[in-house]
Amino acid sequence: MANQTYIRGLIEQESRSTDPLLDWWHPVGWSADFGEQPTQVVLLGRALAVWRDADGAARCFRDLCVHRGTALSLGKVSDGKLACAYHGWTYDGRGKCLAIPQLAADAPVPASARALVFACEERYGLVWVCLGTPRAPIPDFPEWDAPGFRHAACPPYAWQCAAPRMVENFTDFGHLGWLHDGLLGSRDDLEVPDHAVQTEDGTLRYSLTMRVPAAEGINDLSGPNGLMTNDYVLSLPHAIHLRSRYHDTGRSRVLFFAVRPDSATVSTGFCYQSRDFDLDGDDRRYVEFQETLAEQDRVVVESQRPEELPLDLADELHLKFDRVAVAYRKALSAYGLLT
Ligand code: FES
Ligand code: CO
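Conventions and cut-offs
- Residues numbered from 1 in each chain as written.
- Chains lettered and ligands numbered in written order.
- Predicted model: local features only at pLDDT ≥ 70, side-chain atom pairs only at ≥ 80, totals over all residues.
- Heavy atoms only, no water.
- Axes fitted to C-alpha atoms, helices over the stretch in contact; angles between N-to-C directions.
- Helix = DSSP H or I, 4+ residues; strand = E, 2+ residues; numbered from the N terminus.
- Parallel < 35°, antiparallel > 145°, perpendicular 65-115°, else oblique.
- Left-handed = near helix turned anticlockwise from the far one by under 90°.
- Contact = heavy atoms within 4.5 Å.
- Nonpolar A, V, L, I, M, F, W, Y, C, P; charged D, E, K, R; others polar.
- Patch = residues over 30% accessible without salt bridge, like charges linked within 9 Å, V, L, I, M, F, W, Y side chains within 5 Å.
- Areas by Shrake-Rupley, 256 points an atom, 1.4 Å probe, with all protein chains shown as cover.
- Salt bridge = Lys/Arg side-chain N within 4 Å of Asp/Glu carboxyl O.
- UniProt positions renumbered as here; feature names shortened; annotations may be inferred.
- Domains from an automatic or database assignment.
- Buried area = accessible area lost by both parts, 1.4 Å probe.
- Polar contact = N/O pair within 3.5 Å; in protein donor to acceptor, adjacent residues only side chain to side chain.

### Describing the packing of helix α2 (residues 163-170) against helix α4 (residues 284-303)
A pair of packed helices is characterised by two quantities: the angle between their axes and the separation of those axes.
At step 1: Across the interface, α2 lies against α4 with an axial gap of 11 Å and an inter-helix angle of 130°. The angle between α2 and α4 falls in the class oblique. Like other packed secondary-structure pairs, α2 and α4 cross with a definite hand, here right-handed. Along the contact surface, α2 presents Arg165, Met166, Asn169 and Phe170, while α4 presents Gln290, Asp297 and Val301.
At step 2: The class makeup of the residues in the contact of α2 with α4 is 3 nonpolar, 2 polar and 2 charged.

If you want it as structure tokens, here you go:
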């Protein structure tokens, strides 16, 4: 009885929850990491079981069997149906329980025997889940299907921080030449060029032309001028598409970055390094470059307090080159995503 109350309570809590992040798409992992058998992932503090049905379509359930609260991710999939590890109750992809082995063969399966199912889509080699009603589509990554681009997936970044902190770091210009001196800029040239931010329909758009050092490795395309124009699209709540064009060579790099908020203080970032050159080349140098940057960033971001971005702009000191940070706080707040 107590168990039923607990499970019902959890399910009611899902339907009543006021967490506005439930109503957005979030990446939960690389498609390639989800096979037929269920895998547990944690999103917004909730344990989920992701598995594949007979058509190979990704399915996402609350990782909880309504019978005795067992994690469905311990179960086994066969013939496109997920059988709970404990007593074998068997669910189809829509969460309907088709079979309860302990019942007599002709006894009906109660309608309340259901798994809690969430919207689940695959896009750009990632599985995306929405725990509520989506307020916006999955963010755009137009180069994904475009010919002439090669995409290198970086190992996921598991950071002890709130997702907006991770997102903001990705688009913070002021730190590039300072923290990443010699890699993404130089301490001799830190002035942030003027830029405007357009906020519309849950996206922030801004462009910035800057000089990058013609360093060994990734920026050897920057040429003698070293100028690069960066076009950003930040999609609420936690995704960034950045297209960088080197003026001297006309070549482009694209970074697609989407963050899974595991909880209020743990986040996982999924990042593609894409390029329209060196199409047969080794991805490792691009991925390793990104890893070097990410490790420099991680230490800083994990130290930031408060853990959440402050809602009150007066709680921080913003200068004019922090325009994106201010626009991001305002946009999050307009959707109730900053409290
Ligand atoms: Fe899942 Fe009993 S707990 S079938
Ligand atoms: Co950085």
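### Remarks on a nonpolar patch on the surface
At step 1: Taken together, the side chains of Leu317, Leu319 and Phe321 present a nonpolar region at the surface, about 330 Å² in accessible area.
At step 2: Among the secondary structure elements, Leu319 is positioned in the loop between α4 and α5 (323-334).

### Structural notes on the UniProt feature "domain: Rieske" (unreviewed entry) in the protein
At step 1: When the UniProt feature table is mapped onto this chain numbering, "domain: Rieske" (unreviewed entry) sits at residues 25-129.
At step 2: Annotated as 0% helix and 42% strand, the span residues 25-129 places its first and last C-alpha atoms 5 Å apart.

### Focus: the domain arrangement of the protein
At step 1: The assigned domain composition of the protein is domain 1 (17-130) and domain 2 (142-334).
At step 2: Just the C-alpha atoms count here: the centres of domain 1 and domain 2 sit 34 Å apart.
At step 3: For the pair domain 1 and domain 2, the two sides together bury roughly 1300 Å², of which 75% comes from carbon and sulfur.
At step 4: Looking at the side of domain 1 facing domain 2, the largest losses of area belong to Pro27, Trp30 and Tyr124, adding up to 44% of the total buried there.
At step 5: Put simply, domain 1 and domain 2 have 5 residue pairs in polar contact (both at pLDDT 80 or more) between them.
At step 6: Broken down by secondary-structure element, the contributors of at least two residues to the side of domain 1 that touches domain 2 are β1 (26-30), β2 (39-43) and β10 (126-130).
At step 7: Considering each element in turn, the side of domain 1 that touches domain 2 owes the most residues, 5 residues, to β1.
At step 8: Across the side of domain 1 that touches domain 2, the residue classes break down as 12 nonpolar, 4 polar and no charged.

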